[in-house]
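So the chains spell out like this:
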Amino acid sequence: MGGAVVSVVMLLACGLGVLGSESDHRYKEGERVPLYANKVGPFHNPSETYRFYDLPFCAPEHVTDKKEALGEILNGDRLVDAPYELNFREDKQLKSVCKKTLSKEDVRKLRDAVSKDYYFQMYYDDLPFWGFLGKVEKDKLDPSEYKYLLYKHVHFDIYYNDDRVIELNIQTDPNLAVDITEDKEVNVEFSYSVSWKKTDTPFEKRMEKYSKSSSMPQHLEIHWFSIINSCVTVLLLTGFLATILMRVLKNDFIKYSHDEESLEDQEESGWKYIHGDVFRFPQHKSLFSAVIGSGTQLLALAIFIFLLALVGVFYPYNRGALFTALVVIYALTSGIAGYTATSFYLQLEGTNWVRNLLLTGFLFCGPLFLTFCFLNTVAISYSATAALPFGTILVIILIWALVTAPLLVLGGVAGKNGKAEFQAPCRTTKYPREIPQLPWYRGTIPQMAMAGFLPFSAIYIELYYIFASVWGHKIYTIYSILFIVFIILIIVTAFITVALTYFQLAVEDHEWWWRSVLCGGSTGIFILCYCVYYYHARSDMSGFMQTSFFFGYMACICYGFFLMLGTVGFRASLLFVRHIYHSIKCE
């Protein structure tokens, strides 16, 4: 639209008393309302954000940083005093911020920012809002003839109810813009105007209209389609298992109960005849136990995060709440990893439980820490806000040293002292039985491909919305639907792994331990493949920093999924194997 308003919507937020003294959000007429500038960055690269005053804007004489919580810093927020004064219910017509002479270097920097669709983000009374720095007029086809405009005036529309701020929208007028197409000094006066309007929206509902974007009818339809698709998958799978598997097992039980009389006449085959090997402990016991310990911890972490989400802790733009919760809950659940890994390792007759505990501690944290070190170095080289300050890194190391590690050790000691025997219904023979030659499709990789595809097909629709929220500017609020999808994912993973374990035992392949972990966790590999598809086909991300952040952190998340779902697959298979061997007489 000509002279149109370029945007930009205030998106929402606020919460759990993010500000101390302004926590009641009540103001008298003319009173200063807190306004903080946060960051600037290219619209399509959400990880690549910079400090607001890295660009040559009008800065106050003394720029003071707002003290931030751990989660806000991890989120890349770097709040500083903004150059505008938006006092409560004080209209302003055309207020000058400053007059500035932009050098050639400044003009180049701003033109580059405008060409990359840079936006800025600010918080007003804890309400975030966005605006673009300028626009590119592409009237001509030749890019060398494009016109680059920098907005110099911002208009604020602020809605209030009684003594509280309810909503804020900003407008930038292309008619009040300065041409920065050429490399030459430019004199520019930055200005702003404010108009206050009354609204009946209550303060408690000031976030609602913004979080509704993800629960609009067309989106909800897709979400429900996703759930129905997942439920159909589960029903088909459970139906398949209940009929085929139970019927086959029933026939097996009948056959094996009659086998005592006619054993000599028959050739031995089937899962009964490997009862002396099926509970033979796997190779690499220490690593196996560490995988089960870490996977159990990550499953507990996911469940706790969902519980917090369902009670409404992670409403949109509750700055950094999710990151804080992830760090704290991961630290507190490390005892679960220590206990599970050590007790299971000792059940497998392991001897060096201390080494096993160290392996458990570093199995997930190690790759995550190395990835973080690399990505933090990249962010520092870009001078981006994603680079964590030394103090924050120190805090995380202290949390790890003073909470995570001691709880891991305590869990390990508890696991050692509460050691139980491994409950095997059958005695294991001294020498392993030879595994017969099997066709290629019964190999580990084809089985993993089969095992990962079904759970992935149950979640892939929801994955798009999560990615668009984490790696884009959409807001995800329908945690109840996500929780249902997560439960379905766990159930499908357990079922498909149990089915494949049965088929493996039926052809007398008794090395099912590691296979069940690999088959259960293979969904993580499918999610990693989806990451490649999303990056190239569904997003506009570009540049080394954004690419490394996307693939670096997504690889860690997929690895976490692999450990978590691998544990689910193994636990389900172990229950199943114990059950079927309990049901027959083992000589």
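Here we summarise the structure given alongside this text. Keep in mind that this is a model prediction, so the values were computed, not measured.

1. Details of the sheet that holds strand β9 (residues 153-161)
Taken in spatial order, the 4 strands line up as β4-β12-β9-β10 in an open sheet, and their pairing is mixed. Every interior strand has two partners, whereas the edge strands, β4 (92-102) and β10 (164-172), have only one. Direction aside, neighbouring strands of the sheet carry axes that sit 20° apart on average. Note: β4 against strand β12 (residues 186-198), 8 bridges, orientation antiparallel. Pairing of Lys-95 across the sheet is with Tyr-192, part of β12. Here helix α2 (residues 104-115) sits on the sheet in contact with β4 and β12, set at roughly 120° to β4.

2. What to know about the state of the cysteines
This structure, assessed with the given rule, holds 1 disulfide. Each sulfur in the disulfide pair Cys-58 and Cys-98 lies 1.8 Å from the other. In this structure, the disulfide formed by Cys-58 and Cys-98 twists by about -70° around the S-S bond and is classed as left-handed. Placement of Cys-58 in the loop between β2 (50-51) and α1 (70-74) and of Cys-98 in strand β4 is noted, with a sequence separation of 40 residues between them. Assessed through its relative accessible area of 7%, Cys-58 is described here as buried. Between Cys-373, a cysteine without a disulfide, and Cys-556, which holds the nearest cysteine sulfur, the sulfur-to-sulfur distance is 11 Å. According to the relative accessible area criterion, Cys-373 is partly exposed, its value standing at 31%. Here Cys-519 is not disulfide-linked; the sulfur of Cys-529 is the nearest cysteine sulfur, at 16 Å.

3. Concerning the nonpolar core
Phe-467, Leu-505, Phe-550, Phe-570 and Tyr-581 are the most contacted members of the largest nonpolar core, which has 75 residues in total. Counting residues per element, this core draws most heavily on helix α13 (residues 544-582), at 14 residues. Dropping the residues within four chain positions of it, Phe-467 is found in contact with Gly-472, Tyr-530, Cys-531, Tyr-534, Phe-550 and Met-554.

4. Brief notes about the side chain of Thr-497
With respect to the helices and strands, Thr-497 occurs in helix α11 (residues 479-506). Classification of Thr-497 as buried rests on a relative accessible area of 1%. Here Thr-493 takes part through its backbone oxygen, which lies 2.5 Å from a polar atom of the side chain of Thr-497. What Thr-497 contacts, discounting residues up to four positions off in sequence, is Ser-516, Cys-519, Gly-520, Gly-569 and Ser-573.

5. As for a nonpolar patch on the surface
Together, Trp-224, Ile-228, Val-232, Leu-236 and Ile-484 make up an exposed nonpolar region whose accessible area comes to about 480 Å². If one sorts the elements of the nonpolar patch by residue count, helix α4 (residues 217-262) sits on top with 4 residues.

6. What about empty space enclosed by the protein?
A full pass over the atoms with the stated rule returns 3 cavities of 30 Å³ or more. Each pocket or cavity is described by its volume, and for the largest cavity that value is around 220 Å³. Taken together, 18 residues make up the lining of the largest cavity; nearest its centre are Phe-57, Tyr-84, Tyr-151, Val-154 and Phe-190. Every element with two or more residues in the lining of the largest cavity is listed here: β5 (118-124), β8 (147-151), β9 and β12. Of the residues assigned to the lining of the largest cavity, the class counts are 14 nonpolar, 3 polar and 1 charged.

7. Notes on the pattern of salt bridges
Taken as a whole and assessed by the stated rule, the structure comprises 13 salt bridges. Close ionic contact of Lys-39 with Asp-77 constitutes a salt bridge, the shortest N to O distance being 3.2 Å. With Lys-39 in strand β1 (residues 35-42) and Asp-77 in the loop between α1 and β3 (80-81), this pair connects stretches of sequence that are 38 residues apart. This pair shows no difference in class: Lys-39 is buried, exactly as Asp-77 is. Its salt-bridge partner being Arg-206, residue Asp-125 comes within 3.1 Å of it at the nearest N-O pair. Here Asp-125, found in the loop between β5 and β6 (127-132), pairs with Arg-206, found in the loop between β12 and α3 (208-211); they are 81 residues apart in sequence, far enough to count as distant. Judged by relative accessible area, Asp-125 falls into the buried class, the value being 0%. In this structure, a network of salt bridges that share partners links the residues Glu-105, Arg-108, Arg-111 and Asp-183.

8. Regarding a negative patch on the surface
Taken together, the side chains of Glu-29, Glu-85, Glu-90 and Asp-91 make up a negatively charged region of the molecular surface. The residue Glu-90 is located in the loop between β3 and β4 in this model. Owing to a relative accessible area of 31%, Glu-90 belongs among the partly exposed residues under this scheme.

9. Focus: the sheet that holds β8
Strand order in this open sheet of 3 strands is β7-β8-β11, and the pairing throughout is antiparallel. At either margin of the open sheet sits one strand with a lone partner, and together these are β7 (134-137) and β11 (177-179). Direction aside, neighbouring strands of the sheet carry axes that sit 30° apart on average. Contacting β7 and β8, α2 runs over the sheet at an angle of about 100° to β8.

10. Structural notes on the pairing of β9
Counting buried residues along β9, 7 of its 9 residues qualify, which places the element largely inside the surrounding structure. Strand direction decides the pairing type here: β9 and β12, joined by 8 bridges, are parallel. Bridge pairing in β12 links Ile-158 to Trp-196. As paired strands, β9 and β10 are joined by 8 bridges and run antiparallel to one another.

11. Concerning α2
Here α2 spans 16 Å end to end across 12 residues, near enough to the 16 Å set by a 1.5 Å rise per residue. Among all positions of α2, only Asp-106, Val-107, Leu-110, Arg-111, Ala-113 and Val-114 are buried. On an axial view of α2, the arc spanned by its buried residues comes to 160°, and they lie on one face. Where α2 is buried, its residues meet β4, β5, β7, β8 and β12. Among the residues trailing α2, Asp-117 stands out with phi positive, at a value near 55°.

How each quantity is defined
- Residues numbered from 1 in each chain as written.
- Predicted model: local features only at pLDDT ≥ 70, side-chain atom pairs only at ≥ 80, totals over all residues.
- Heavy atoms only, no water.
- Pairing = 2+ DSSP bridges.
- Helix = DSSP H or I, 4+ residues; strand = E, 2+ residues; numbered from the N terminus.
- Axes fitted to C-alpha atoms, helices over the stretch in contact; angles between N-to-C directions.
- Contact = heavy atoms within 4.5 Å.
- Disulfide = S-S within 2.5 Å.
- Buried < 20%, exposed > 50% of the residue type's maximum accessible area, 1.4 Å probe, protein only.
- Core = buried A, V, L, I, M, F, W, Y, C linked by side-chain atoms within 4.5 Å.
- Polar contact = N/O pair within 3.5 Å; in protein donor to acceptor, adjacent residues only side chain to side chain.
- Patch = residues over 30% accessible without salt bridge, like charges linked within 9 Å, V, L, I, M, F, W, Y side chains within 5 Å.
- Areas by Shrake-Rupley, 256 points an atom, 1.4 Å probe, with all protein chains shown as cover.
- Salt bridge = Lys/Arg side-chain N within 4 Å of Asp/Glu carboxyl O.
- 1 Å grid on protein atoms, 1.4 Å probe; cavity = no way out; pocket = protein on both sides within 12 Å on 5 of 7 lines; lining within 4 Å.
- Points joined across faces, edges and corners; volume = space filled by probe spheres on them.
- Nonpolar A, V, L, I, M, F, W, Y, C, P; charged D, E, K, R; others polar.
- Lys, Arg positive; Asp, Glu negative; His and termini not counted.
- Charge placed at Lys NZ, Arg CZ, Asp CG, Glu CD.
- Expected span 1.5 Å × (residues − 1).
- Arc of directions from axis to C-beta.

This is a description of form; function is not addressed.
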